[in-house]
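# Coordinate analysis (summary)
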Amino acid sequence: MKIEKKQRFNGQANRVYRVPVTRFNAIKDNPNALMELAYQFIQNHQNYQVPRIQELKQYYLAQNDIKNKADSPNPYHSNNKIASAFARYITNIRVGYFLGNDIQFKVQQTGSVQQSVADKLDEQLQVFNQTSDESYIEEQIKKDLSVCGRAYDLVFVNPGETTLNLAVVDPETAFVVYDDSVKEQPLFAVRYYQTGVLDNDLVEQYEIYTSDTVFRFHTDGGFPEMNTPMPYAVLDSQEPLFFGRVPMTEYYNNDERTGDWEPELDLIDALDDSVSSMADFQDDFDNANIILTGKFANLTEPVYKLDKDGKKVIGADGQPIVLEPAHPNVNPHNHLWYLEPYAQPTGINGGRAMVNPDAKYLTKTYDSDGWKEYTDFLIGEVHKYTNTPNVNDPNFASNASGVAMSYKLWGADQERKIQEALYKKGLFSRLCACVAYWQKLNILPQAVNTATLAQVIQPNFVPNLPKNDQETALLVQTLNATGLFSAETLRELAEPITGVSADTEQQRDDDETVKQQNATDAYNQGVTGIGKVFATGEPAVVEQPVKGDENEPAETD
């Protein structure tokens, strides 16, 4: 198989789109001019960026480049094209490790935000996350980041409603355009897609989101690769937005916007080629040609020339004319052949040499040990360069201590830290849009700066590691003994063991405290127990068991 020797993707396949802010400000309120500008980016996106994203998605689906490998020119040669699911394996491990434990959004009250405002913000955020299925959307975003190197989500409100919604947007159909400043502030976002009945009556839809308006267009001519003429773009509607910023957020997997395994595609291709070659060898070995040496005891019948009556035609020598002489009866479907030794003339003084019958397969020798060593090398390299633990490694013990496990995941943790910082940056943009909308509805005070309110929301990421409940319980016990840690911190540490969140555990503890206090007060006030005797002076009454009660002692003679 051909391994890429040059750049795999076009130089513009991962280009960040920018436009001078002065040019954008001059046309941002002119729908047609804005569409004309956006269309230039749409064409570039379709021609250069979408092919890369599509190829990466194919690798995730195990439709690797080996599927495009040309067949062998030998029609009798096997042509296995086995694609590994390495890309999918790495992505699933990454998503589970990063978001196997849901993100915990903590609203921490600060001096600039009153407690009542923080409580209201926490309430709105919890409802928003629950109604929008936030935890699942986070996993979709992380999967797109792992595969494509970038991901998008969109905050929106359905027509006629006020409820805030959240959706993930396919990187194949969307992008964000930034200004030309150092901070790269988003100016507008584009989402484009086709609608129709299966592949018929297709209409191209275009949505352009700015900080205060969404413009919707459509064309009937085709996507940019079909050279849709701009005059055919029709403005369908423009609607105001109340998010204070572009509502579509772009997330980066890293500064280069590459996927988790994208740099190792050549190694994956080499692994596919190696496994397919071994499969070809196995198939060819099973269907190898056989070499038979000796005189066949069983021959076919000669084929004679026949007249119109089906009788043998006699030649000039008085013998039947033979069209096809008798030859060894070799049928590849037979499992047995009868061979006899025979004397082979040597050509020297009329000598003869005895030839003994023999049968053997014509095969080539395959270096299976070398193949295994090479394949294991490739697998190890992919694991190493993607910082993915190899759970099949005999040294990767299931009973390893927390320290040993942390060491094995050390490389993954370094990468996770970078990705977590970039993910939080995207979350802050999303939360700012949500807060601005709630301020517009007067749910939150407009006097407080939107960014200030969003900053009190702290997303906490807890990596999903193999559990060692005994070590965790010992750690909680040790920290509790020092007296230096709050009960809330200890509850958060114990959450992986109990499966109960720190907030729920706090509520249970508070409920039990209230219940116990109520029982004590009732006793002291003479409502229950012997305290009632002292409080009222009434004689104590011992309740008699009801006849037939299962707890009543049995009568004795």
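Residues numbered from 1 in each chain as written. Predicted model: local features only at pLDDT ≥ 70, side-chain atom pairs only at ≥ 80, totals over all residues. Heavy atoms only, no water.

## Section: the confidence of the model for the protein chain
Taken residue by residue, the protein chain gives an average pLDDT of 85. The fraction at 70 or more is 87%. Per-element confidence in the protein chain is highest for strand 5 (residues 174-178), whose mean pLDDT is 98, and lowest for helix 14 (residues 531-536), whose mean pLDDT is 58. (pLDDT = per-residue confidence, 0-100. Helix = DSSP H or I, 4+ residues; strand = E, 2+ residues; numbered from the N terminus.)

## What about the sheet that holds strand 1 (residues 17-18)?
Judged by pairing direction, the sheet is mixed, and its six strands sit side by side in the order 1-5-6-7-8-9 without closing on themselves. The sheet is open, and its two edges are formed by strand 1 and strand 9 (234-240), each paired on a single side. Examined bridge by bridge, strand 8 (residues 213-219) and strand 9 share six bridges and lie antiparallel to one another. Along strand 9, the bridge assignment pairs Arg216 with Ser237. Packed on one face of the sheet, helix 2 (residues 31-60) meets strand 1, strand 5, strand 6 (186-197), strand 7 (200-209), strand 8 and strand 9 and runs near 75 degrees to strand 6. (Pairing = 2+ DSSP bridges. Contact = heavy atoms within 4.5 Å. Axes fitted to C-alpha atoms, helices over the stretch in contact; angles between N-to-C directions.)

## A look at the environment of Ala288
When you line up the elements, Ala288 lands in the loop between helix 6 (265-286) and strand 11 (289-293). Distance from Ala288 to Leu362, taken between C-alpha atoms, is 6.0 Å for residues 74 residues apart in sequence. For Ala288, the contacting residues outside a window of four places in its chain are Tyr361, Leu362 and Thr363.

## Focus: the pattern of salt bridges
Opposite charge on two side chains permits them to pair, given that their charged atoms come into close proximity. Counted by the stated rule, this structure contains 23 salt bridges. The partner of Glu123 in a salt bridge is Lys120, and the shortest N-O contact between them spans 3.9 Å. Taken together, the residues Glu123 and Lys120, both in helix 4 (residues 115-131) and three residues apart, mark about one turn of the helix. A residue is classified by how much of its surface remains accessible, and Glu123, at 43% relative accessible area, is partly exposed. (Salt bridge = Lys/Arg side-chain N within 4 Å of Asp/Glu carboxyl O. Buried < 20%, exposed > 50% of the residue type's maximum accessible area, 1.4 Å probe, protein only.)

## Here's the deal with helix 4
Along its 17 residues, helix 4 runs 24 Å from first to last C-alpha, staying within 8% of the 24 Å computed at 1.5 Å per residue. The complete set of buried residues in helix 4 reads Val117, Ala118, Leu121, Gln124, Leu125, Phe128 and Asn129. Burial along helix 4 is one-sided: seen end-on, the buried residues are contained in an arc of 130 degrees. Among the exposed residues of helix 4, those pointing more than 90 degrees away from its buried face are Gln130 and Thr131. Looking at the buried side of helix 4, the elements it contacts are strand 2 (104-107), helix 5 (134-148), strand 4 (164-169), helix 9 (410-440), helix 10 (450-455) and strand 19 (457-460). Phi turns positive one or two residues past the end of helix 4, at Asp133, with a value near 55 degrees. (Expected span 1.5 Å × (residues − 1). Arc of directions from axis to C-beta.)

## Section: the sheet that holds strand 3 (residues 150-157)
The antiparallel open sheet is built from three strands, whose spatial order is 4-3-10. Both outer strands of the open sheet, strand 4 and strand 10 (248-252), are each paired with one neighbouring strand and no more. This sheet shows a mean twist of 25 degrees between the axes of neighbouring strands, independent of strand direction. The sheet contact formed by strand 3 and strand 4 spans six bridges and is antiparallel. Bridged to Leu154 within strand 4 is Ala167.

## Considering the nonpolar core
Membership of the largest hydrophobic core comes to 73 residues, with the highest contact counts inside it found for Phe175, Phe188, Ile208 and Tyr423. Ranked by residue count, the leading element in this core is helix 9, at ten residues. With residues near it in sequence (within four places) discarded, Tyr423 still touches Phe98, Leu99, Ile103, Glu138, Ile141, Leu145, Tyr251 and Phe461. Counting residues in each nonpolar core, the second largest holds 19 residues, with Tyr59, Tyr60, Leu265 and Ile268 among its members. (Core = buried A, V, L, I, M, F, W, Y, C linked by side-chain atoms within 4.5 Å.)

## As for the packing of helix 2 against helix 5
Interaxial distance between helix 2 and helix 5 falls to 9 Å at its minimum, and their mutual angle equals 105 degrees. Relative to helix 5, helix 2 is oriented roughly perpendicular. Touching Arg52, Ile53, Leu56, Lys57 and Tyr60 of helix 2 are Lys143, Val147 and Cys148, all from helix 5. Looking at the contact of helix 2 with helix 5 residue by residue, the class counts come to five nonpolar, no polar and three charged. (Parallel < 35°, antiparallel > 145°, perpendicular 65-115°, else oblique. Nonpolar A, V, L, I, M, F, W, Y, C, P; charged D, E, K, R; others polar.)

## A look at the packing of helix 6 against helix 7 (residues 368-385)
For any two helices packed against each other, one specifies the inter-axial angle together with the distance between the axes. Between helix 6 and helix 7, the least distance of the axes is 10 Å, while the angle of their chain directions is 155 degrees. Compared by their axis directions, helix 6 and helix 7 come out roughly antiparallel. Considering how the two elements wind past one another, helix 6 and helix 7 form a crossing that is left-handed. Side by side, helix 6 and helix 7 meet where Leu267, Ile268, Ala270, Leu271, Ser274, Val275 and Met278 of the first sit next to Ser368, Trp371, Tyr374, Thr375, Leu378, Ile379, Glu381, Val382 and Tyr385 of the second. A per-class count over the contact of helix 6 with helix 7 returns twelve nonpolar, three polar and one charged. (Left-handed = near helix turned anticlockwise from the far one by under 90°.)

## Here's the deal with the side chain of Thr386
Assignment of secondary structure puts Thr386 in the loop between helix 7 and helix 8 (402-408). Here Thr388 takes part through its side chain, which lies 3.0 Å from a polar atom of the side chain of Thr386. Every residue in contact with Thr386, bar those within four places of it in the chain, is listed here: Ile90, Arg94, Asp260, Trp261, Glu264 and Glu415. (Polar contact = N/O pair within 3.5 Å; in protein donor to acceptor, adjacent residues only side chain to side chain.)

## Brief notes about the side chain of Arg52
By the element assignment, Arg52 lies in helix 2. On the basis of relative accessibility, which here comes to 2%, the residue Arg52 falls in the buried class. There is a polar contact of 2.8 Å between the side chain of Arg52 and the backbone oxygen of Cys148. From its side chain, Arg52 meets the backbone oxygen of Arg257 in a polar contact 3.1 Å long.

## Side note on unusual backbone geometry
The backbone of Leu198 shows a phi angle near 55 degrees, a positive value even though the residue is not glycine. Note on placement: Leu198 falls in the loop between strand 6 and strand 7. Owing to a relative accessible area of 76%, Leu198 belongs among the exposed residues under this scheme. In this model, Asn387 sits at a positive phi of 55 degrees, which is unusual for a non-glycine residue. Mapped onto the elements, Asn387 comes out in the loop between helix 7 and helix 8.

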